[in-house]
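Per-entry structural report
Given next are the chains, with one letter for each unit.
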Amino acid sequence: MRPDEDFREFVGRHQRAWMRTAYLLTGDAHLAEDLLQSVLIKVLGKWNGVARLDHPDAYVRKALVNQSISWRRRRSGGEIPSADPPDRSYSTEDSSVTRLMVRRALMRLTPRQRAVIVLRYYEDRTERETAEILGCSVGTVKSQSHHALAVLRQYTGVLTDIEEARR
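Residues numbered from 1 in each chain as written. Predicted model: local features only at pLDDT ≥ 70, side-chain atom pairs only at ≥ 80, totals over all residues. Heavy atoms only, no water.

**Here we look at the pattern of salt bridges**
Within the structure shown, the criterion is met by five salt bridges. Residue Glu9 is joined to Arg13 by a salt bridge in which the shortest nitrogen-to-oxygen separation is 2.9 Å. With a gap of four residues between them, Glu9 and Arg13 both fall in helix α1 (residues 3–26), about one helical turn apart. Overlapping salt bridges, with partners in common, bring together Asp57, Arg61, Glu123 and Arg125 in one network. (Salt bridge = Lys/Arg side-chain N within 4 Å of Asp/Glu carboxyl O. Helix = DSSP H or I, 4+ residues; strand = E, 2+ residues; numbered from the N terminus.)

See below:
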C-alpha cells in the first residue's frame, strides 16, 4: 500500500474518535476541527516514522493534547468566557443542558487536568494508558484526576452521573 493511502486509511479509522477528543479538549467544534487538522498536517509530514510506531493512534492523541495546551497558553491573555448559565429554566434531564454543563465545567480545568479527564473518563483509558499518552507518571495522572474531579464537583452535579456510570 502507498504511504498516502496508508495515511488516509489510518485517519479514516480514527478520525471520529480524534474529533471527539479534540472537541472535549477545546470545548468548541470549530476549534476542535482546527486542532485536529493542524495535528494531522504535522503527522502527515512525519508519517513514515509515525507509521512504524507500535501505537500511532496514541501518538496522534498525545499530539492533540500537546497542541491543545499550546493553543490555550497562547490565548490565555484574551477573552474569558462566562460560566454563568442564561437566565432560562431548563430541565436537568435534557441531554443538551447536561452537555452544556459538562462543557462549562471542563473549561474550568487546566489544560492538563482536562486532558486527564477526557482520556480517563470519556475515552475510558486506564491510568497507565493516560500516563503514556501524556508522557507523565501514573501518579501524576492520579493527582491531576483527583484535583480535576474536585473542581468539576464544584461546578456541576453532572459529575456524579459520570462517576456512577464509570462504576
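Having seen it, we continue.
**Here we look at the packing of helix α6 (residues 111–122) against helix α7 (residues 127–134)**
Angle between the axes and distance between the axes are the two parameters that describe a pair of packed helices. Their axes nearest at 10 Å, the elements α6 and α7 cross at an angle of 135 degrees. If you check the angle between α6 and α7, you find them oblique. In this structure, the crossing between α6 and α7 has a hand that is right-handed. The segment α6 lies against α7, with Arg112, Ala115, Val116, Leu119 and Arg120 engaging Glu127, Thr130, Ile133 and Leu134. Residue classes in the contact of α6 with α7 are distributed as five nonpolar, one polar and three charged. (Axes fitted to C-alpha atoms, helices over the stretch in contact; angles between N-to-C directions. Parallel < 35°, antiparallel > 145°, perpendicular 65-115°, else oblique. Left-handed = near helix turned anticlockwise from the far one by under 90°. Contact = heavy atoms within 4.5 Å. Nonpolar A, V, L, I, M, F, W, Y, C, P; charged D, E, K, R; others polar.)

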